[in-house]
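Listed here are the chains, written in short residue letters.
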Amino acid sequence: MTNTARPLKVGLIGSGAIAREQHLPYWRELEEEGRVRIVGVCDLIRERREKESALCANAVPYADYKKMLQKESFDIIDVCTQNRVHAPATIAALNAGAHVLVEKPMAMSSRECDAMIAASKKAERKLMVAQHMRFEARAEKLKEVVDSGALGEIYTAETKWLRRRGIPGWGQFHIKKESLGGPLIDIGVHMMDLCVWLMGCPKPVAASGKVYRKFGDRKDLFNADWGVHYPAEEFDVEDYATALIRFEKGITMQMSVSWAANVHDEIEDMYILGDKGGIGINPLGYFSADHSSLTRTTWDWLSAEDGHRREVRHFCECVEKDLPVMVKPEESLRIQKIIDAIYESSRLNKEVMIK
Ligand SMILES: NC(=O)c1ccc[n+]([C@@H]2O[C@H](COP(=O)([O-])OP(=O)(O)OC[C@H]3O[C@@H](n4cnc5c(N)ncnc54)[C@H](O)[C@@H]3O)[C@@H](O)[C@H]2O)c1
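Regarding the site of the ligand
Around the ligand, the surrounding shell holds 25 residues, and the nearest of these are Asp 43, Arg 48, Asn 83, Lys 104 and Trp 170. A distance of 3.4 Å separates a nitrogen atom of the ligand from a polar side-chain atom of His 132. Considered on its own, the ligand offers 850 Å² of accessible surface; in the complex 90% of this is hidden by protein. Spatially, the ligand is embedded in the largest pocket. Of the residues in the shell around the ligand, the class split is 11 nonpolar, 10 polar and four charged.

Brief notes about the layout of surface pockets
Within this model, the largest pocket holds a volume of roughly 1,200 Å³. The set of elements that each furnish at least two residues to the lining of the largest pocket consists of helix H1 (17-32) and helix H8 (183-198). The element contributing the most residues to the lining of the largest pocket is H1, with five residues. By residue class, the composition of the lining of the largest pocket is 19 nonpolar, 14 polar and 13 charged. When residues of the lining of the largest pocket are sorted by domain, at least three fall in each of domain 1 (8-129) and domain 2 (134-308 + 335-353).

Some details on empty space enclosed by the protein
For the structure on display, the rule yields two cavities of 30 Å³ or more. Taken as a whole, the largest cavity spans an internal volume of roughly 70 Å³. Taken together, the elements giving at least two residues each to the lining of the largest cavity come down to H8 and helix H10 (329-348). Looking at side-chain class alone, the lining of the largest cavity contains six nonpolar, no polar and four charged residues. In this model, the second largest cavity occupies a volume close to 40 Å³.

Re the sheet that holds strand E13 (residues 284-289)
One open sheet holds the nine strands; their spatial order is E14-E13-E12-E11-E7-E10-E9-E8-E15, and the pairing between them is mixed. Lying at the two open borders of the sheet, with one neighbouring strand each, are strand E14 (294-297) and strand E15 (352-353). Taken strand by strand, H8 contacts strand E7 (154-162), strand E9 (240-247), strand E10 (252-258), strand E11 (267-274) and strand E12 (278-281), and its axis lies near 150 degrees from that of E10.

Things to note about the domain arrangement of the protein
Domain annotation of the protein identifies domain 1 (8-129) and domain 2 (134-308 + 335-353). Here domain 1 and domain 2 have C-alpha centroids that lie 27 Å from each other. Contact residues are listed per partner, giving 16 residues for domain 1 and 17 residues for domain 2. Buried surface at the junction of domain 1 and domain 2, both sides included, amounts to about 1,300 Å², of which 55% is carbon and sulfur. For domain 1, the biggest contributors to the area lost against domain 2 are Lys 104, Met 108 and Ser 110; these three give 35% of the whole. One can count two salt bridges joining domain 1 with domain 2.

Things to note about the sheet that holds strand E2 (residues 36-42)
Strand order in the open sheet formed by six strands is E3-E2-E1-E4-E5-E6, and the pairing between neighbours is parallel. The open sheet has two edge strands, strand E3 (60-62) and strand E6 (127-129), and neither has a second partner. With strand direction ignored, the average angle separating the axes of adjacent strands in the sheet is 20 degrees. In terms of strand pairing, strand E1 (residues 8-13) meets E2 through six bridges, oriented parallel. Across the sheet, residue Val 10 finds its bridge partner in E2, namely Ile 38. Contacts from H1 reach E1, E2, strand E4 (76-79) and strand E5 (99-102) within the one sheet, and its direction differs from that of E2 by about 150 degrees. Lying over the sheet, helix H2 (residues 46-54) contacts E2 and E3, oriented at roughly 165 degrees with respect to E3.

Definitions and limits used
Residues numbered from 1 in each chain as written. Predicted model: local features only at pLDDT ≥ 70, side-chain atom pairs only at ≥ 80, totals over all residues. Heavy atoms only, no water. Near = heavy atom within 4 Å. Polar contact = N/O pair within 3.5 Å; in protein donor to acceptor, adjacent residues only side chain to side chain. Areas by Shrake-Rupley, 256 points an atom, 1.4 Å probe, with all protein chains shown as cover. 1 Å grid on protein atoms, 1.4 Å probe; cavity = no way out; pocket = protein on both sides within 12 Å on 5 of 7 lines; lining within 4 Å. Sits in = over half its atoms within 2 Å of the grid points. Nonpolar A, V, L, I, M, F, W, Y, C, P; charged D, E, K, R; others polar. Points joined across faces, edges and corners; volume = space filled by probe spheres on them. Helix = DSSP H or I, 4+ residues; strand = E, 2+ residues; numbered from the N terminus. Domains from an automatic or database assignment. Pairing = 2+ DSSP bridges. Contact = heavy atoms within 4.5 Å. Axes fitted to C-alpha atoms, helices over the stretch in contact; angles between N-to-C directions. Buried area = accessible area lost by both parts, 1.4 Å probe. Salt bridge = Lys/Arg side-chain N within 4 Å of Asp/Glu carboxyl O.

Listed below in structure tokens is the structure:
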């Protein structure tokens, strides 16, 4: 069941950094094309909701998302709050009959993800987590290579994103009860989602991980260009996480992420290995060998279009045409199960099974 009447009525819950920079501009673009009308912008902070709604032709600012959902009937709700609010806002919006795009990570626990999926099924409304990296041109190219079978049997992968000094200083990223964790749920969720999706979404069976806090709570923290806007004693999440994840059929993935680490430079890397070929993002390409040489395929030009733009446009199109969403909520639930298992494994100092 879907509402294909145009323009679709869109509401935003949370109008902070990501909404301002990477969601609202693309919804406004769709509004200019006559495909949507942004009718509500909700934020607890008055200045934010008023400023962002004033930039839209038809939007009313709201302080309470429950009141907004009562007042207006929405086709799409885009949830861009900090992580603690993802599940309650998503479930309320689904129950009110809207399709929901929600920022990453999906929620604070796999139990919350289950409830979100159940609400989406009951309401017969679409639910998608905003994993924008899947929508980038490089990901699209790598997926084409994997789907062609050029890797042969995929057996292992490694992914890392290590910032030298880059702890988010705004919002609630540093507070566990608001965000769940640090780089694992911030940038780790992107890398793991992309890697697991490219591998063909194998089922995770176990994780062994360790998380560390070495920089974020230091009063003398030097955070380079990122600045520090939070009191050091508030910082109670990790700033480094590392894990080995085992999947069915013996497939493995190693993952390391940091907001701060004493490395030579920021490192963003991923490779996926098969017995016929491998792919990587840094450098981007397909790597193999023939009978007498080592080979590589790279691309001289790829679209630099923002993955967030493609993601927002994709979700809008899925609602307009009743198409399946690219990031299935069940896939995001599996990533959340991996995250839950890594934190538990770190706490217990042993491998944790994933059901
Ligand atoms: N995809 C990406 O690359 C990316 C990048 C940054 C952040 N994010 C995600 O986006 C989300 C928000 O991050 P941000 O950087 O915009 O944080 P932010 O702190 O700048 O914005 C969050 C906003 O939500 C509002 N809010 C909180 N509770 C609310 C409620 N009950 N009702 C209405 N508004 C409420 C806050 O007042 C704030 O303005 C997080 O989940 C984060 O993980 C994703």
